[in-house]
Amino acid sequence: MSIRFHSEGGAGEVTGSKHVLSIDGARCLIDCGAFQGRRDEAEAKNRALVPDPESISSVILTHAHFDHCGMLPLLAKRGYRGNIYATPATRDLAGVVMMDSASIQARDAEYLGKQAARRGDKFEWKPLYDEEDVIKASSQFITVSYNRPLPIGDGIKVELFDAGHILGSAMAFTHARDRSGREVTIAFTGDLGRKGKPIIRDPAAIPAMDYLVLEATYGDRLHESTSDAMDRLADIVNQAVARGGRIVIPAFAIERTQELVFYFHLLVDQKRIPEIPIWVDSPMAINATSIFQIHPECYDEETHEAFIRHHENPFGFNSLHFSSSVQDSKRLNDYKGPVIIISADGMCEAGRIQHHLIHMISDPSSTILIVGYMAANTLGRRIRDRESEVRIHGEVFKVKARIEEINAFSAHADYHEAWEWMSGLDLSKLKKVFLVHGESSGLSHMAEFLKEKGIAEVQVVKYGETYEL
Ligand SMILES: [Zn+2]
């Protein structure tokens, strides 16, 4: 029995999660994520790191983020025909995420092809996969609800527990029995969420396990409390309304946008902010929101209390509008304010958000509200760092809008929160913790931290290495 980690964590990198659990002849792949980074480097890694489909007997998908599901279509394209196990909400959201990636790759290939032709160069870049491969992968899903143990192959059983990270996110609790009759339990957290996040439940307690594969994205950082987010949001909106300006929020299409909509709904209901128009301006966010609407089985008690019991839709209210067409999106620029516009991309690197920034960034009455992580060298980071000038679509703009930031929205447990979750579990038979999915400083800090807490065996995993269980 062994486990092999195909993921890679390095300074400043977002990893593509892929773990292979082997029991005798069976090999179960947990997640098949995409590596994200500079185009050529990311593409080379993504081509090379997808495991040989012949060697995989089943796949478990923990959640729908691109760095966990993004390479499933490539696995299907290369011939994987087995099952992909996931919760129903993860299957639906992953469909949107994979399709979006296929269409971005197709558009990139077309654009780069035209550029190369103009220069008279030969162009050989091909997308990693297309829409047909996404459809192929989508047809291989077997959906499993939380807490429904299911045999998924010779000697392997899996039970999914709520990870509290994004809608549908799950921890995979696997029970393995080899030919000699030896039994081992291995729990994969996928991405571990946080207590008190809106809409979704807190991370669930899981049964006692022999091995724990734990993510350490925030292995050396602590967040603002989730309970502060709504108060801060109300303050920022009320100040912006008093100035009569517009508020633009760059937000990731999945989870962050719906959390914002959810909070705005509560704030309007509680009359803590005036009923000003709120626009969700991102086709992917609109698709994702409709998936949130059809999965009330993932909502937490507070969401039931506030909305479902009153026959209300958390993601629909009078002042909320969705703009799916480009014309609608352009019309938003004529709004003098106050208005709230939530738009993608979350790091301002592409998409409709850039058009809104062009119209608002030099207007002192406007507010740009940062609610997510901004990677180095992105437009979002430059705005967050309050640089005096930024370049958008090749043009230079003076930054005169008010820049605000709320850090309480993170979907990942920080190291204190991870320990709070772990310390509520039965750790009496725990043999080893494998740490994955983090930058090197976070991983080593988390390892030290867990040892101080009394966990004897903590292994920071090495990419490509196989560990015997
Ligand atoms: Zn995630």
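Just so we're clear, the structure is a prediction, and the values are computed from it rather than from any experiment.

Taken as a whole and judged by the stated rule, the model has zero disulfides. Not part of a disulfide, C298 finds its nearest cysteine sulfur in C69, a span of 16 Å. According to the relative accessible area criterion, C298 is buried, its value standing at 3%.

Bound to the zinc ion are the protein donor atoms H63 (NE2), H65 (ND1), H165 (NE2) and D191 (OD), situated 2.2 Å from the metal. Geometry at the zinc ion is irregular, judged from the four donor atoms that bind it and their angles of 91 to 161° at the metal. Ordering the donors of the zinc ion by residue number gives the pattern H-x1-H-x99-H-x25-D. In this pair, H165 is assigned in the loop between β8 (156–162) and β9 (170–177) and D191 in the loop between β10 (183–188) and β11 (211–215), connecting sequence segments 26 residues apart. Since its relative accessible area comes to 0%, H165 is described here as buried. By relative accessible area, D191 is classed as buried at 1%.

So, about the sheet that holds strand β16 (residues 367–370). Judged by pairing direction, the sheet is parallel, and its six strands sit side by side in the order β14-β13-β15-β12-β16-β19 without closing on themselves. A strand with exactly one partner marks an edge of an open sheet, and here the two such strands are β14 (320–322) and β19 (402–405). Taken pair by pair, the neighbouring strands of this sheet meet at an average axis angle of 20°, ignoring direction. As defined by bridge partners, β16 adjoins β19 across four bridges and the pair is classed as parallel. Bridging across to β19, I368 finds its partner in I403. Where helix α6 (residues 228–243) meets the sheet, it contacts β12 (246–250), β15 (339–343), β16 and β19, and its direction lies at approximately 165° from that of β19. Docked against the sheet, helix α7 (residues 256–269) engages β12, β13 (278–281), β14 and β15, running at close to 155° with respect to β15.

Attention shifts here to the sheet that holds strand β6 (residues 141–143). Strands sit in the order β6-β5-β4-β3-β2-β1-β22 across an open sheet of seven strands; the sheet is mixed. Edge strands, defined here as strands with exactly one partner in the open sheet, are β6 and β22 (466–468). Ignoring strand direction, the axes of neighbouring strands in this sheet form an average angle of 25°. Judged from the two bridges that link them, strand β4 (residues 58–60) and strand β5 (residues 84–86) form a sheet pairing that is parallel. If you follow I60 over to β5, its bridge partner there is Y85. Relative to β6, helix α4 (residues 88–119) is tilted by about 150°, and along the sheet it contacts β5 and β6.

A separate point is the pattern of salt bridges. On inspection of all chains with the given rule, the structure shows 25 salt bridges. Each of K197, R256 and E259 takes part in salt bridges that share partners, so that together they form one network.

For the rest of this paragraph, the subject is the pairing of β9. A large share of β9 lies buried, amounting to six of its eight residues. Pairing between β8 and β9: seven bridges, direction antiparallel. Of the residues in β9, the one forming a bridge with V158 is T174. Where β9 folds back onto β10 in an antiparallel hairpin, the turn is made up of five residues, including G181, whose phi is positive at roughly 95°.

All right, on to the environment of I455 then. Summarising the element assignment, I455 is placed in the loop between α14 (440–452) and β21 (458–460). Taking relative accessible area as the criterion, I455 reaches 9% and is therefore assigned buried. Sequence separation between I455 and L320 is 135 residues, and the spatial gap between their C-alpha atoms is 48 Å. I455 has contacts with W419, M422, L427, L430, V433 and L450, leaving out every residue within four places of it along the chain.

By size, the foremost hydrophobic cluster in this structure holds 104 residues, and its most contacted members are F264 and I342. The biggest single contributor to this core is α7, with eight residues. Sequence-distant contacts of I342, that is, excluding residues within four places in its chain, are made with I249, A251, T257, L260, V261, F264, I278, W279, V280 and D281. In this structure, A163, L192, A413 and I455 belong to the second largest nonpolar core, which totals 28 residues.

Listed in full, the buried residues belonging to helix α5 (residues 131–138) are D133, V134 and A137. The arc that holds every buried residue of α5, seen down its axis, measures 105°, which confines them to one face. Along its buried surface, α5 packs onto α3 (72–77), β5, α4 and β6. The distance from a side-chain oxygen at the start of α5 to the backbone nitrogen of E132 is 3.1 Å, and the residue carrying that oxygen is D130.

Within the secondary structure, D92 sits in helix α4. Separated by 2.6 Å, the side chains of D92 and R91 make a polar contact. When sequence neighbours within four positions are dropped, the list of residues in contact with D92 reads I291, I294 and H295.

Calculation criteria
- Residues numbered from 1 in each chain as written.
- Predicted model: local features only at pLDDT ≥ 70, side-chain atom pairs only at ≥ 80, totals over all residues.
- Heavy atoms only, no water.
- Disulfide = S-S within 2.5 Å.
- Buried < 20%, exposed > 50% of the residue type's maximum accessible area, 1.4 Å probe, protein only.
- Donors = N, O, S within 2.8 Å, 3.2 Å for Na, K, Ca; no water.
- Tetrahedral: all angles 85-135°; square planar, octahedral: opposite > 155°, others 65-115°.
- Helix = DSSP H or I, 4+ residues; strand = E, 2+ residues; numbered from the N terminus.
- Pairing = 2+ DSSP bridges.
- Axes fitted to C-alpha atoms, helices over the stretch in contact; angles between N-to-C directions.
- Contact = heavy atoms within 4.5 Å.
- Salt bridge = Lys/Arg side-chain N within 4 Å of Asp/Glu carboxyl O.
- Core = buried A, V, L, I, M, F, W, Y, C linked by side-chain atoms within 4.5 Å.
- Arc of directions from axis to C-beta.
- Polar contact = N/O pair within 3.5 Å; in protein donor to acceptor, adjacent residues only side chain to side chain.

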